[in-house]
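# Coordinates in review
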Amino acid sequence: MIFPRALISIALLSTSSAFAPASSSSHPRLPASCIHSTTEAAVVQDAVANSDISSNPGDRDILIRAARGEQVERTPVWLMRQAGRYMSAFRQYSDKYPFRERSETPSMAIELSLQCHRAYGMDGIIMFSDILTPLPTLGIEFDVVKGIGPVISTEVRNEADVAKLADEAKVDFDKTLPFIREILGTLSKEAEEANTSLIGFVGAPFTLAAYTIEGKSSKHCLRTKKMMMADDSGSSKAISIFLDKLATMIGNYGCHQIECGAQVIQVFESWAHQMSPKQFEQFGKPAAQKAIKIIKEKYPDVPVIYFANGGSSYLELQRDMGADMIAVDWSVDMAEARKILGPDIPISGNVDPTILFGTKEQIEEAVRECIDKAGGPGKHLLNLGHGVMQGTPEEAVGWLVDECKRYKGKDA
């Protein structure tokens, strides 16, 4: 479903509507006060009338079917960080409210989840949240500080620290994260009305462990690597115990999201670049596999996508993650990634996010090239190879989505 780009620049979010999720109907309804001239009104009317890509019945689950590995009628598309600061409507919240207030207040989280879909019509709505959101269920406290990023105050350095954390098997997500059910429940209804899918997500165990151990974003992840070396030498098993605890919690959290309405789960190994292939095999991979297995054993029909950011150097080790689909970052050529993974493993990705700062023609060419290298239209799930960057021109996102939905192949 494509929505007119002209609406982006003239639809202003009023203070009175700031906490109410807007309708996900076919086209946003603008109050007369939002259209400042007859010229702008004509632009909107022309955009609606000439939108050449309409919603089809199959759009409701096209992303889900692709994530399961089915060949679909066209290449579906969604974007990591599609709900983000590149959108002026999003910044009206992020400039005013702290991250956790936005992500844990249902009315705000719902609105921020829907803004991008109303503007661009991706094939999925993803819940506005964070991979760190479930950490407090184990007694790990964090905040997201503007200009700094996540800051975790709970120290985990040794086996005694891990032992102090809550029992991962007894976490009650409705009690500890009550906002999740309301957010996903509402978004599920919105997704159905918008004829699209609802995406949930979790952070992989290694990434959450490293964030916690380092206490914040880290260039070298030295504390975590020292703990991995201590584990390898047998002097401390703290990180292995911690990873196992996180894997159980994350797997159960993914199940909880499904029970609340999510139809697809993406597992983000955001710090995959901090692991060597050996470290991935020894630490990151088994923990992620455990979390994925928990989800798949309970909900075998719900597709799980695994994304290791910076993990393309050991892509061959990701063939047996247990996920339905592997998402790849932008640092590997899509044709090479397809070759490494093999023809039987569904793949997602991997347009370079910086291409969105290019021309319309360059963006459209990058979309077509990625689709062709993945096997052609309907053979993979298009995404960026990382998230939409702050400062990305809003219209560029629309060009990417439109071209993906429009492209029928080199011989069409």
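Scroll up a little and you will see the structure.
Residues numbered from 1 in each chain as written. Predicted model: local features only at pLDDT ≥ 70, side-chain atom pairs only at ≥ 80, totals over all residues. Heavy atoms only, no water.

For the rest of this paragraph, the subject is helix H10 (residues 205-214). With ten of its ten residues buried, H10 lies for the most part within the structure. Regarding H10, the residues found buried are Pro205, Phe206, Thr207, Leu208, Ala209, Ala210, Tyr211, Thr212, Ile213 and Glu214. Against strand E3 (149-152), strand E4 (197-203), helix H11 (222-233), helix H12 (238-260), strand E5 (264-269) and helix H13 (277-298) lie the buried residues of H10. Of the residues trailing H10, Gly215 is marked for its positive phi of about 85°. (Buried < 20%, exposed > 50% of the residue type's maximum accessible area, 1.4 Å probe, protein only. Helix = DSSP H or I, 4+ residues; strand = E, 2+ residues; numbered from the N terminus. Contact = heavy atoms within 4.5 Å.)

Moving on, we get to the packing of aromatic side chains. Tallied over the entire structure, the rule returns nine aromatic pairs. Cation over ring: Arg100 sits above Phe142, and NZ or CZ is 4.4 Å from the ring centre. (Phe/Tyr/Trp six-rings, centres within 6.5 Å; stacked < 30°, edge-to-face > 60°. Lys NZ or Arg CZ within 6 Å of the ring centre and 35° of its normal.)

A few words on the pairing of strand E8 (residues 347-351). Among the five residues of E8, five are classified as buried, and the element is accordingly described as predominantly covered. Handedness of the β-α-β unit built from strand E7 (residues 325-327), helix H14 (residues 334-341) and E8 comes out right-handed. Across four bridges, E8 lies against strand E9 (residues 381-384) in parallel orientation. Considered in E9, the bridge of Ser348 is made with Leu381. (Right-handed = clockwise from strand over helix to strand, strands pointing away. Pairing = 2+ DSSP bridges.)

Further remarks concern unusual backbone geometry. A cis amide bond, omega -20°, links Gly349 with the succeeding residue Asn350. Following the sequence through the fold, Asn350 ends up in strand E8. Positive phi outside glycine occurs at Arg81, with the angle close to 60°. You can see Arg81 is positioned in the loop between helix H3 (62-67) and helix H4 (88-94). Phi angles above zero are rare outside glycine, and Asn195 is one such case at about 60°. Structurally, Asn195 can be placed in the loop between helix H9 (178-193) and E4.

Strand order in the open sheet made by the seven strands is E1-E4-E5-E6-E7-E8-E9, with parallel pairing throughout. A strand with exactly one partner marks an edge of an open sheet, and here the two such strands are strand E1 (124-126) and E9. Across this sheet, the average inter-strand angle for adjacent strands is 30°, counted without regard to direction. By the bridge criterion, five bridges tie E5 to strand E6 (residues 304-308) in an arrangement that is parallel. For Ile265, the partnering residue across the bridge sits in E6 and is Val304. Its contacts with the sheet place H9 against E1 and E4, and it is angled at close to 145° to E4. Of the strands in this sheet, E5 and E6 are in contact with H13, which crosses E6 at around 160°. (Axes fitted to C-alpha atoms, helices over the stretch in contact; angles between N-to-C directions.)

All right, on to helix H16 (residues 394-406) then. Between the first and last C-alpha of H16 there are 19 Å, a value that for 13 residues agrees with the 18 Å anticipated at 1.5 Å per step. When you tally the buried positions in H16, you get ten out of 13 residues, the bulk of the element. Looking at H16, one finds that the buried residues are Glu394, Ala396, Val397, Gly398, Leu400, Val401, Asp402, Glu403, Cys404 and Lys405. (Expected span 1.5 Å × (residues − 1).)

This paragraph deals with the environment of Arg406. Mapped onto the secondary structure, Arg406 falls in helix H16. With relative accessibility at 32%, the residue Arg406 sits in the partly exposed group. For Arg406 and Thr75, which are 331 residues apart along the polypeptide, the C-alpha to C-alpha distance reads 9.0 Å.

Throughout the structure, instances matching the rule amount to 22 salt bridges. Residue Asp161 pairs with Lys164 through a salt bridge whose shortest N-O separation is 3.9 Å. Residue Asp161 is classed as buried on the basis of its relative accessible area, which comes to 14%. For Lys164, a relative accessible area of 69% corresponds to the exposed category. Taking the shortest distance from any N to any O, the salt bridge between Lys298 and Glu259 comes out at 3.0 Å. Remark: Glu259 occurs in helix H12 and Lys298 occurs in helix H13; sequence separation between them is 39 residues. The class of Lys298 is partly exposed, set by a relative accessible area of 49%. Here the salt bridges do not stand alone but share partners, grouping Asp59, Arg74, Asp123 and Lys405 into one network. (Salt bridge = Lys/Arg side-chain N within 4 Å of Asp/Glu carboxyl O.)

What follows deals with the layout of surface pockets. Computed from the structure, the largest pocket encloses a volume of approximately 1,400 Å³. Contributing to the lining of the largest pocket are 46 residues, with Arg81, Arg85, Phe99, Ser129 and Asp130 lying nearest its centre. Among the residues forming the lining of the largest pocket, the class breakdown is 24 nonpolar, 15 polar and seven charged. (1 Å grid on protein atoms, 1.4 Å probe; cavity = no way out; pocket = protein on both sides within 12 Å on 5 of 7 lines; lining within 4 Å. Points joined across faces, edges and corners; volume = space filled by probe spheres on them. Nonpolar A, V, L, I, M, F, W, Y, C, P; charged D, E, K, R; others polar.)

Distances and angles like these do not, on their own, reveal function.
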